Amino acid sequence: MPTLYGVSASPFVRKVRIVLAEKGIAYEHDPVIPVNVSAEYKKISPLGKIPAYKDGDRALADSSVICAYLERAHPQPALYPSDPYEYARALWFEEYGDTALLNVFGPKIFFQRVVQPRFFSQPCDEAIVQKAVAEDLPPLFDYLEGEVGEGGVIAGTRFSIGDIGLATQFINLRFAGFGVDAKRWPKLARYVDHVRARPSIKAIIDEEAPLLGA
Ligand SMILES: N[C@@H](CCC(=O)N[C@@H](CS)C(=O)NCC(=O)O)C(=O)O
């Protein structure tokens, strides 16, 4: 059975977990914390980051790489659109989640509100959180409000890696106590609720809630 390495609180690890769930792939989960990782772990993940994935004697690092591998190794159900433009858009929104959303939701909000107090016994710096919520979130949400369609998916006509890349970031935002104001961003709020309710995603949220939730 393959092994996925990395704690699920990492949005990158969760991204891979959602792909594994969607494709019905059984796996073992080793919740590596990416601090002072062993030399052994660096053989699988040379940068020492999570996630990493081992499938027999094949080792892979980086969530986007692992998800792309899983798509080729287990093509059904397809999580990358077949249309070239929609395929590229799905990759774009995965990237947007991994970078633009992560840079704000991660260190400025989730890390402060959840990781610092719960895992490092350090207080949350609420000024950093409030500044990010007031100044950094609105432009991100404005952009996504203009991009989400009415079909509940971000690219093409089916659920894809683009939705997964966004969803995993919004899950951490919610664990940190923030959602999308439906009065200001109605389409985005509806979209996020819809994606969170998807069975593969809801199951992971329910599993993580005792550790990460309010
Ligand atoms: N591009 C990588 C990013 C992975 C990443 O930054 N993971 C963080 C945890 S959320 C990590 O391992 N940080 C430890 C470090 O940078 O040393 C991916 O998609 O897997």
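Student: Is there a simple way to explain the sheet that holds strand β4 (residues 58-61) in this structure?
Tutor: Paired through their backbone hydrogen bonds, the strands of a sheet run either parallel or antiparallel. Taken together, 4 strands build an open sheet; the order of strands is β2-β1-β3-β4 and the sheet is mixed. The open sheet has two edge strands with one neighbour each: β2 (28-30) and β4. Across the sheet, the mean angle from the axis of one strand to that of its neighbour is 20 degrees, orientation sign disregarded. Strand direction decides the pairing type here: strand β1 (residues 3-5) and β2, joined by 3 bridges, are parallel. Looking across to β2, one finds that Y5 is bridged to D30.

Student: I'm lost on the domain arrangement of the protein in this one. Help?
Tutor: How big an interface is tends to be stated in terms of accessible area lost as the parts join. Parsing the protein into structural domains produces domain 1 (3-73) and domain 2 (84-207). Of note, the centres of domain 1 and domain 2, computed from C-alpha atoms alone, are 21 Å apart. In this complex, domain 1 contributes 14 residues to the contact, which on the side of domain 2 involves 18 residues. Between domain 1 and domain 2, the buried area comes to about 1400 Å², and carbon and sulfur atoms account for 63% of it. A salt bridge links D98 to K15, with the shortest nitrogen-to-oxygen separation between them at 3.0 Å. Counting across the interface, domain 1 meets domain 2 through 11 residue pairs in polar contact (both at pLDDT 80 or more).

What counts, and where the lines are drawn
Residues numbered from 1 in each chain as written. Predicted model: local features only at pLDDT ≥ 70, side-chain atom pairs only at ≥ 80, totals over all residues. Heavy atoms only, no water. Pairing = 2+ DSSP bridges. Helix = DSSP H or I, 4+ residues; strand = E, 2+ residues; numbered from the N terminus. Axes fitted to C-alpha atoms, helices over the stretch in contact; angles between N-to-C directions. Domains from an automatic or database assignment. Contact = heavy atoms within 4.5 Å. Buried area = accessible area lost by both parts, 1.4 Å probe. Salt bridge = Lys/Arg side-chain N within 4 Å of Asp/Glu carboxyl O. Polar contact = N/O pair within 3.5 Å; in protein donor to acceptor, adjacent residues only side chain to side chain.

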